[in-house]
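# Geometric and topological summary
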Amino acid sequence: MGISEAFYIPAALALITDFHLGPTRSRAVGFHQMGIYSGIILGGFAGYVADNPLLGWRFAFSACGVIGILYALPLGAILRNPPRPSESKSSPSPLAAIAELLSNGGFILLVLYFTLPALAGWVVKDWMPDILREQFGLGQGKAGVSAVLYVQLASLAGVGIGGWLADRWMRRSPAAASLSAPSACRFFLPALFGVGNAGTLAVAIAFLILFGLGWGFLTATTCPSSARSFGRNCGPPGTAS
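The shown structure was predicted, so the numbers you read here are calculated from the model rather than taken from an experiment.

### Side note on the packing of aromatic side chains
If you walk through the whole model with that rule in mind, you get 2 aromatic pairs. Summarising the aromatic geometry, the rings of W122 and W127 are spaced 6.2 Å apart at their centres and angled 75° between planes, so their arrangement reads as edge-to-face. For W127, a relative accessible area of 42% corresponds to the partly exposed category. Ring geometry for F211 and W215: centres 6.0 Å apart, planes at 15°, overall stacked. With a gap of 4 residues between them, F211 and W215 both fall in helix α10 (residues 201–230), about one helical turn apart. Its relative accessible area of 2% is what places F211 among the buried residues. In this structure W215 comes out as buried when scored by relative accessible area, which is 8%.

This is the structure we're talking about:
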């Protein structure tokens, strides 16, 4: 999982931001993120698949694997990098790239900044079905849907709103666009506190929706803001103009 994400996410975001250099960058990243959230929503129904004696977990894993392999074939044939400016520099060696990143204080700050909400996101995205199942006595199917569906729908809305607002703020001030990402963290603390102290499933879902709005806003604004701060795209070091 880690290897697949390491290959896909940086390359996808770099490719998107290469093609969207101006006022559509945040919206393009947000629209791409909507596809990821849509997949997570569908995955939330996996509990019902697992409960079905005719299907089960093995069927779900096999089906997703086959679809992913088939989907990779047209991507490999169609996707291409945009033309590079003639004056662009060649990429540095791996050691030089690491040294360049570690010596950039702003980059280190962004890594630490994104790590903190990612800790909360890991709990919500990976453990929430089991938490709701134990806390409210739910079945596996209902627990999966309750933990995933509402928070991801809220993330879909948040990523669209966040991308649109970030592009609008960028027209007014680059500094305002950079501040749009930290503003999303204001959603997380009350959301986590509310979920942890919810007495009913409906209250827990309401706070999960609040968390989803903040998470969508965060993902729609962090990469574009980083790209504007450190170069033309979010791709490998040395490719920024």
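### With respect to the packing of helix α1 (residues 2–19) against helix α2 (residues 25–43)
Two packed helices can be described by the angle between their axes and the distance between those axes. Running from N to C, α1 and α2 cross one another at 145°; their axes reach a closest spacing of 9 Å. Considering the relative orientation of α1 and α2, their crossing is right-handed. Contact residues: α1 offers Y8, I9, A12, L13, I16 and T17, while α2 offers R25, A28, V29, H32 and I36. Among the residues forming the contact of α1 with α2, the class breakdown is 8 nonpolar, 2 polar and 1 charged.

### Focus: the packing of helix α6 (residues 105–136) against helix α9 (residues 188–196)
Two elements in contact, α6 and α9, have axes whose closest approach is 12 Å; the angle formed by their N-to-C orientations is 20°. When the axes of α6 and α9 are compared, the pair comes out roughly parallel. Judged by the twist between their axes, the crossing of α6 over α9 is left-handed. Judged by residue contacts, P117, A120, V124, M128 and Q135 of α6 engage F188, L192 and V195 from α9. Among the residues making up the contact of α6 with α9, the classes are represented as 7 nonpolar, 1 polar and no charged.

### Let's talk about the side chain of Q152
Along the chain, Q152 falls in helix α7 (residues 140–172). Take Q152: its relative accessible area is 3%, and that puts it in the buried class.

### A look at the pattern of salt bridges
Within this structure, the stated rule accounts for 2 salt bridges. One salt bridge connects R133 with D130, and the closest N-O pair in it is separated by 2.6 Å. Residue R133 and its partner D130 are located together in helix α6, separated by 3 residues, close to a single helical turn. Taking relative accessible area as the criterion, D130 reaches 27% and is therefore assigned partly exposed. A salt bridge links R133 to E134; the nearest nitrogen and oxygen atoms lie 3.9 Å apart. One salt-bridge network, held together by shared partners, links D130, R133 and E134.

Conventions adopted
- Residue numbers restart at each chain and count upward from 1, following the sequence in its written direction.
- Given that the model is predicted, a residue must reach a pLDDT of at least 70 before its local features are reported, and side-chain atom pairs must reach 80 or more before they are shown or counted; all residues, however, enter totals for whole chains, interfaces and linings.
- The basis for every side-chain value is the complete set of heavy atoms in the structure, and neither hydrogens nor water enter the calculation.
- Only the six-membered ring of Trp is used, alongside the rings of Phe and Tyr, when aromatic pairs are assigned; centres must lie within 6.5 Å, and planes under 30 degrees apart are stacked while those over 60 apart are edge-to-face, with the rest tilted.
- Summary of the burial criterion: residues with accessible area below 20% of their type's maximum are buried, those above 50% are exposed, and those between are partly exposed, where the area comes from a 1.4 Å probe applied to protein chains only.
- Only DSSP runs of H or I with at least four residues qualify as helices, and only runs of E with at least two residues qualify as strands; both kinds are numbered from the N terminus onward.
- Convention adopted: a line fitted to C-alpha atoms gives each axis, helices being fitted over their contacting stretch, and angles between N-to-C directions are expressed from 0 to 180 degrees.
- Two helices that cross are described as forming a left-handed crossing if the nearer one is turned anticlockwise from the farther one by less than a right angle, and a right-handed crossing if clockwise.
- Every residue pair with non-hydrogen atoms within 4.5 Å of one another is taken to be in contact.
- All amino acids are sorted into three groups, where Ala, Val, Leu, Ile, Met, Phe, Trp, Tyr, Cys and Pro are nonpolar, Asp, Glu, Lys and Arg are charged, and the leftover types, Gly among them, are polar.
- Geometric relationships in this document are graded by angle, where less than 35 degrees denotes roughly parallel, more than 145 denotes roughly antiparallel, 65 to 115 denotes roughly perpendicular, and other angles denote oblique.
- The salt bridge criterion pairs a side-chain nitrogen of Lys or Arg with a carboxyl oxygen of Asp or Glu, the two atoms within 4 Å.

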